[in-house]
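Architecture at a glance
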Amino acid sequence: GIPAWGPQKVGATAAEGFLFPDTYEVPDGVKPETMIKRAIAQFNAVTEKMDFAGQAKTQSFGAGAVTDDQKVYKALIVASIIEREVYRPEDRGKVAQVIYNRLAQGMKLEMDSTVAYVVGRTDGVFTTDAERKKVSPYNTYLNVGLPPAPISSPGEAALTAAVNPEAGTWLYFVSVDLDTGETVFSSDLPTHNAAVAQLKAWCAASEANQKKCG
């Protein structure tokens, strides 16, 4: 049931990103394949309703020619990163724009969420130096461009943000308060580094904060 613009080959990550997060009634004795088909069918229904494919084709993904189908799949990958990176609803469109701005300039995305995917981490904010050196096509600290496939199953809000980025010149963002989700967006590295220092100060302010930072 994966749409025609998605990967049409069987593999461990073939359905990654297409299993729409929702509440499903699971009958007794249901087969896993049946639930996978239901989740993908829900993905198709949601994305068709919002014209995700049509809007994705209007986006630019940096250097290199891509087909319309590849654009739609890349937009899904962007949405999967937004799903993992964003705390507050009002920041989704800005994070999308950061991604597109970096792609346009040929910058590495350097998203900790992609490294966390590589090493199987779901806790904390920071990744370690060793983790960021992990060789993988998903590691956006080592590779320019998007990962080869989604890193999560994005919901409707993340999908919407991926094809409706908020206009801006931002190249960086960091959450500076993990309780409120307050996030600072910056267009230059010195401003971003100041925001990172603000986050580290928040993490060091209490034992409880340190646990949240990981």
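Residues numbered from 1 in each chain as written. Predicted model: local features only at pLDDT ≥ 70, side-chain atom pairs only at ≥ 80, totals over all residues. Heavy atoms only, no water.

Angle between the axes and distance between the axes are the two parameters that describe a pair of packed helices. Axis separation between helix H3 (residues 68-85) and helix H5 (residues 112-119) bottoms out at 9 Å; the angle between their running directions is 90°. With respect to H5, the element H3 is oriented roughly perpendicular. Residue-level inspection shows Ile81, Arg84 and Glu85 of H3 in contact with H5, the latter providing Asp112, Ser113, Thr114 and Ala116. Residue composition of the contact of H3 with H5, grouped by class: 2 nonpolar, 2 polar and 3 charged. (Axes fitted to C-alpha atoms, helices over the stretch in contact; angles between N-to-C directions. Helix = DSSP H or I, 4+ residues; strand = E, 2+ residues; numbered from the N terminus. Parallel < 35°, antiparallel > 145°, perpendicular 65-115°, else oblique. Contact = heavy atoms within 4.5 Å. Nonpolar A, V, L, I, M, F, W, Y, C, P; charged D, E, K, R; others polar.)

When pLDDT is averaged across the protein, the result is 93; 98% of the residues are at 70 or more. Per-residue pLDDT, averaged within each element of the protein, yields its smallest value for helix H9 (residues 207-213) (89) and its largest for helix H7 (residues 156-163) (98). (pLDDT = per-residue confidence, 0-100.)

Inspection of the entire model under this criterion finds 5 salt bridges. For the salt bridge of Lys212 with Asp179, the shortest nitrogen-to-oxygen distance reads 2.4 Å. With a gap of 33 residues between them, Lys212 in helix H9 and Asp179 in the loop between strand S1 (172-177) and strand S2 (182-186) connect regions that are remote in the sequence. Linked by salt bridges that have partners in common, Arg88, Glu90 and Asp91 make up one network. (Salt bridge = Lys/Arg side-chain N within 4 Å of Asp/Glu carboxyl O.)

Turning our eyes to something else, we now look at the pairing of S2. In this structure, S1 lies alongside S2, joined through 5 bridges in antiparallel fashion. Following the sheet pairing, Tyr172 is matched in S2 by Ser186. Here S1 folds back onto S2 in antiparallel fashion, the turn holding 4 residues, of which Gly181 has a positive phi close to 80°. (Pairing = 2+ DSSP bridges.)

This part covers the state of the cysteines. If you walk through the whole model with that rule in mind, you get 1 disulfide. Linked covalently through their sulfurs, Cys203 and Cys213 form a disulfide whose S-S length is 1.9 Å. For the disulfide bridge between Cys203 and Cys213, the dihedral angle about the S-S bond is near -85°, and by the sign convention the bridge is left-handed. Of this pair, Cys203 sits in helix H8 (residues 189-204) while Cys213 sits in helix H9, and the two are 10 residues apart along the sequence. Of the two residues, Cys203 and Cys213, neither departs from the other in class, the shared state being buried. (Disulfide = S-S within 2.5 Å. Buried < 20%, exposed > 50% of the residue type's maximum accessible area, 1.4 Å probe, protein only.)

For Ala195, the position within the fold is in helix H8. Judged by its relative accessible area of 3%, Ala195 falls in the buried class. Taking C-alpha positions, Ala195 is 6.8 Å from Val174, a pair spaced 21 residues apart along the chain.

In this section: unusual backbone geometry. At Asp51, a residue that is not glycine, the phi angle is positive and equals roughly 55°. Among the secondary structure elements, Asp51 is positioned in the loop between helix H1 (32-49) and helix H2 (52-56). Residues other than glycine seldom take positive phi values, yet Glu110 does so here, at roughly 50°. Relative to the assigned elements, Glu110 resides in the loop between helix H4 (92-105) and H5. For Glu110, a relative accessible area of 37% puts it in the partly exposed group.

All right, on to the nonpolar core then. Judged by nonpolar contacts, the single largest core of 41 residues is most densely connected at Phe52, Ile82, Ile99 and Leu146. A per-element tally of this core places H3 first, with 9 residues. Sequence-distant contacts of Ile82, that is, excluding residues within four places in its chain, are made with Arg92, Val95, Ala96, Ile99, Ala158, Ala161 and Ala162. Grouped together as the second largest cluster of nonpolar side chains are 8 residues, Ala195, Leu199, Trp202 and Cys203 included. (Core = buried A, V, L, I, M, F, W, Y, C linked by side-chain atoms within 4.5 Å.)

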